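Chain and residue survey
Listed below are the residues making up each chain.
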Amino acid sequence: MGSGSPRPRAGARNGGENTGSVPSAAEVATLPVPEVYAARGTSPGGLRDEEAAERRVHTGENTLPAAAGPAWWRELGSQFTDLFAVVLLVASGITFLAWWLEDPRDSGTLQLAVAILAVVLLNAGIGFGQQYSAERTAQSLQAMVPHRCRVRRDGEERELPASALVPGDVVVLEAGDAVPADCRLVRARDVTVNNAALTGESEPVGRSSEPVAGGEVLHARSCVLLGTDVVTGTAQGVVTATGGATEFGRLFRLAAAAPRQRSPLQRQVASMARRVAGVALAVGAVVFAVRMPVGQPLVETFVFALGVMVALVPEGLPATLSVSLAIGVRRMARRHAVVKRLLAVEALGSTTVVCTDKTGTLTQAQMTVVEVWTGGVSHAVTGVGYGPEGAVAGDGRARELLRAAGLCCNARLVPPAGREGRRVLGDTTEGALLVAAGKAGVDLAAEESAAPRIAEYPFDAVRKLMSTVHRRPEGDLILLAKGAPAELLARSTALGNTAPGGDAEAEPLTAESRAAVGAAADALASRGLRVLGVASRELPAAPPDRDAAEEGLTFLGLVGMLDPPRTDVRDAVTACRRAGIRVVMVTGDHPLTAEAVARRVGLVREAHPVVLTGTELDGLDDTALDALLTRPGELLLCRFSPEHKTRVVTALQRNGEITAVTGDGANDAPALKHADIGVAMGASGTDAAREAAVMVLLDDSFSSIAAAVRLGRSVYQNIRKFLIYLFTSNVAELVPVLAATFTGFPLVPVSAVQILAIDLGSDVLPALALGAEPPEPDVMDRPPRPRRERLFSRGVLGRTLFLGGIQATAVCAVFFWHIGASGIPYAEFTEDDPVYREAVTLAHATIVVSQFFASLAVRSERESLLRLGLWSNPWLLGAGCVGVGLMAAISYAPPLQAVFNTAPLSLGDWAVTAACGAVLLLAEELRKAVVRRRRPADGGENRCA
C-alpha cells in the first residue's frame, strides 16, 4: 500500500487499542510484515501529517493518564472530617446558636464561637498547605513518556514529540532509545530490549520482525513496548497502541486502582481522636448535668460545659502534627528521599521488614570486570564502575584477551555529561568489557579501524554466545566470540591467546586442560561473579555459515565481573539490623549471584541462609509461606516476579509486619501500592513505580532508606513529646474547671477563650520546636515498636498525668488562694469583679509559664536536661519566650484585657508562676533519675515516651 493510498481509520479515544474490525495488537503480532502495514492503515513511508492529525482526534495524545488523585477541594474538605475538627465545628455551631437565641448583644459568647471556628479553619489551612506542598514536590518528578522520537511521516524521517504518536506511525529505533509506544517490528537487525520495567527480566531479550504464533503481546518477540529500552541493534516498528492503551498503561491503571494502605499513624491518630472526643463529650455532659440543677442560666451553664470540652480537645494538635511531619519530609529530602504523603514519614519509623531490590539499590548498577583468567593465571582488575580509573595486573595475555572481548561488543561508552559520569549505551556486560579493555591499554577505536568488522552472529538464548568476524590488515579473517564458558569450551579444540594483529599461541585442548578451565569458571562463579568465556578462530577468505564458523575455536580465557555494592550499604544494613529491622533481598537473579551480593553487603552472615525461588513459592500454600516467613534467620528471595513480590508482601502484612518495599519497574507498581511504605527509584525507576510509591529515592540507594527510617523514628518520638506537652496543658486547664464545678464556684478559673489562646497561642510554637528535635543518638539501637502499640500509650498517659497533675495543682492553688485571700463569698463573684479577673490572669499565666518549663522537661524520657544542654534546641527557648510574651500582652494590653477578661500581673505574680514551673521541672528531673537507676541501658524512650 502506498503512502497516498486510502487507509482504514485506526485507534479509539484516549489511546485505546483499535477495536471493531481492526486487528488487535496481539493479532498484529502474528501477521507477516506486509499485512502489518495494512492492518494499521499505513505504509513503509509512514502516515501523512493530515492522517496523523485525524487519528489523534480519536486516540488522544500519547501520554499516560494523569494520576486519579482527589481534587484539591476534596483534599481541603477532608481536613474538616477529622474528629477533632468535627467536635469543634459542632461546638462552634451550638455556641453561635446560643448567642443568637439568648442575647445577640453578648459579645463574649460570640467571641467564643468565632474563636472556635477560627481554630478549625487554621488547622485545616495548615494541614492542606503542608499536604499540597508535599504532593507538588512529588509531581515534579513525573517525566511520563520519552520526550522525542524519530518517526517516518510523508515518506521521510523526522524527529517529533513522543506525545504526537498515533497508531499507524512508523518509528525508527536504535540502541539506547526508549521505546515511545507499543510497536510491531517490521524491520529488525540484532535487536535486544530491556523489558525489566514490564516483566522484571534482568537480561536483555531478543526481538525480530518475524511473526509469532500467538500469545500475549507482553512476551511477543515481534513487538517492543512502551517503557522498555533498546539495548542493541536497529529497528523500525508500526505503532499499535499509545498512551493508556499500551501494556505500560494497563499496569499504570492497575496500580492506580489498588487501594492505598493507611499508615500506622493514621490509624492511631484516628483512634486517639475518638477516645479524646468521647471523653470530652462525656465530661462536658456531666458538668452540664451537675451545674443545671443549681439554678445557673442555661447559656452560661452550656458555655461553662463547653469550656470543659474545649479544655480536653488539643486544638493545636492537627496543625502541630502537620508541620512536624512536613519538617520530617524536608529532612528526608535532604537525604535524597522525597516523600509524597506526609503520614508516610512516620510510617517509615514503624517499619519492621524492608524488601529491597538488588541491582541499583544495594549495588551500583555498573557492571565491573574484577578478574581475568588466561593461560592458567588469574589477573586482577582494579577500579569500580564505568570510569577509566584502574589497571589490569599481569602480563600481556590478559590485554590480548580483553582486546578480543572488546572488539566483540556492540555497546558504546558515552562520555560524561554534566554531573553524570561515563555511562554505557547498550548492554552493561559489554560496557564492563569495554572499560576493562581501556584499563589494559587497548585503543579499541584504533583496533576497530585496523581490523574492521564485516559480519556478526548475534547472541541468542540457545547458543548462549555471540561472535563477530573481522578482516585483519593482512587480509585474512578472524572470528571473535564471547559467551557462556561451557558453550564456548564445547566448541573449542585449542587453548591459547590470539587477537586481531596478534600472534597465536595455541595448544590442543586435553581433558585435563578442559577440567582446569571448568574449575576456574566454577571458582569465579562461586564468588558470585558473572563469568564470560572468550574465544577466537582464524577463518578462510570467504566466511562460512554461522554454525560452521563457530566450531574449532581457540579458547582464550575467562572474564569475571560483578555489579559492585554501594560503598555505604554495609553500614546501612548494619544499622537496620541493630534497629531490629529485617532486610530481605528480592531479586530476579540466580540464587548464587544473590547470595554473593548479600554476603558482600552484610545481608547474609549465616552459613546456610533460607533461599526461596519463585518456582518454589508457587508450590507453597499460604500456611506454608507464613511458616517460612516467620521462621527466624536470614532470607533471600530469588528468581522472583512482581507477582511473587506482591504475594510475599501480603503474607508479611498478614503476620503483623509493617513492610517497606522497593521497586523500579511498572510491574512493581501493584506491590509498591500494596505495601505499607512503597519506595520507588527516582533515577532508574519508571513513572508507574514513582506514582504508586509514597517515597521516591533520588539516588536509588538503600542507605537512603535506612536514613529515612531513622528520621521516621525520630518523627514518631517527637510526636509523642509534643503529645505529652500538649495534653499536659489540657490537664492543667481541665482540673481547675472541674474543681470550680464541685466546690460550687460559679465561674471558670480559665475561660474557653483563654484555653484557645493557650492551645493555639502559647503552646503551638514550643510544640513545633519539639517536633523539630533532631534524632536522638540511640534511635536506631532500639527495636521497632510493636504494631499494636498505641500512640497515646500507658507510658505517655502516665507521664502526661504526672506533669499535668503538678501543673493543675499549681493552677488550682494560685487561683483559689487569690480568690480566698479576698474574703469575698463565692456566690458574689461576677465576671467583672477585679479580684476574679486577677485570679483568672494568674491561673492563665501559671499554665503558660509552667508549659515553658514542661517543654524543657519532655525533650527526653530518660536524659537530664543538663546532659541534653539547655541551648541545644534554641528554637524551643525562643518559642517559649514568645508564649510568655503573648501572655504578658494579654495581661497588660487593654484591647486584649477586654477580650480575655484579664488584669495586669505584678512582679510578685510572675515570680509565683516561675516558681510553679521550676517545681515541675525539678520533679521531672527526679523522675528521670529514678528511671535511669532502674533501667540504665534499655532505651526506655521507645517503651514509655
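Cut-off values and rules
- Residues numbered from 1 in each chain as written.
- Predicted model: local features only at pLDDT ≥ 70, side-chain atom pairs only at ≥ 80, totals over all residues.
- Heavy atoms only, no water.
- Disulfide = S-S within 2.5 Å.
- Buried < 20%, exposed > 50% of the residue type's maximum accessible area, 1.4 Å probe, protein only.
- Pairing = 2+ DSSP bridges.
- Helix = DSSP H or I, 4+ residues; strand = E, 2+ residues; numbered from the N terminus.
- Axes fitted to C-alpha atoms, helices over the stretch in contact; angles between N-to-C directions.
- Contact = heavy atoms within 4.5 Å.
- Expected span 1.5 Å × (residues − 1).
- Lys, Arg positive; Asp, Glu negative; His and termini not counted.
- Salt bridge = Lys/Arg side-chain N within 4 Å of Asp/Glu carboxyl O.
- Polar contact = N/O pair within 3.5 Å; in protein donor to acceptor, adjacent residues only side chain to side chain.
- pLDDT = per-residue confidence, 0-100.

Examining the state of the cysteines
If you walk through the whole model with that rule in mind, you get 0 disulfides. Residue Cys409 stays outside any disulfide, its sulfur separated by 6.3 Å from that of Cys408, the closest cysteine. By relative accessible area, which is 5% here, Cys409 ends up buried.

Observations regarding the sheet that holds strand 24 (residues 659-663)
Pairing within the open sheet is mixed, and its 8 strands lie in the order 8-26-25-24-9-21-23-22. Both outer strands of the open sheet, strand 8 (337-339) and strand 22 (610-613), are each paired with one neighbouring strand and no more. Each adjacent strand pair in this sheet contributes to an overall mean axis angle of 20°, direction not counted. Pairing analysis gives 4 bridges linking strand 9 (residues 353-356) to strand 21 (residues 582-586), with the strands arranged parallel. When the bridges of strand 21 are listed, Val354 appears paired with Val583. Across the face of the sheet, helix 20 (residues 591-600) comes into contact with strand 21, strand 22 and strand 23 (635-638) while running at roughly 140° to strand 23.

Looking at the environment of Glu773
Here Glu773 is to be found in the loop between helix 28 (764-771) and helix 29 (794-821). Residue contacts for Glu773: discarding those within four places in its chain leaves Arg331, Ser714, Asn718, Lys721, Arg859 and Asn873.

Topic: helix 23 (residues 642-654)
Here helix 23 spans 18 Å end to end across 13 residues, near enough to the 18 Å set by a 1.5 Å rise per residue. Within helix 23 the residues assigned to the buried category are Pro642, His644, Lys645, Val648, Val649, Ala651, Leu652 and Gln653. Among the residues trailing helix 23, Gly656 stands out with phi positive, at a value near 85°.

Considering the side chain of Arg55
Mapping Arg55 onto the fold places it in helix 3 (residues 49-59). No salt bridge is formed by the buried Arg55; its nearest oppositely charged neighbour, Glu51, is found at 5.1 Å. Of note is the side chain of Arg55, whose polar atom sits 3.0 Å from the backbone oxygen of Arg40.

Focus: the environment of Arg250
Note that Arg250 resides in helix 8 (residues 247-257). With 186 residues separating them in the primary sequence, Arg250 and Leu64 have C-alpha atoms 9.7 Å apart.

Focus on the confidence of the model for the protein chain
When pLDDT is averaged across the protein chain, the result is 82; 85% of the residues are at 70 or more. The least confident element of the protein chain, judged by mean pLDDT, is helix 35 (residues 941-944) at 36; the most confident is helix 30 (residues 834-857) at 95. Segment residues 498-504 is flagged for pLDDT under 50; beyond a separation of four residues in sequence, or across chains, it makes 22 contacts in the model. For residues 937-945, every residue scores under 50 in pLDDT, and the model assigns this stretch 33 contacts once sequence neighbours within four places are set aside.

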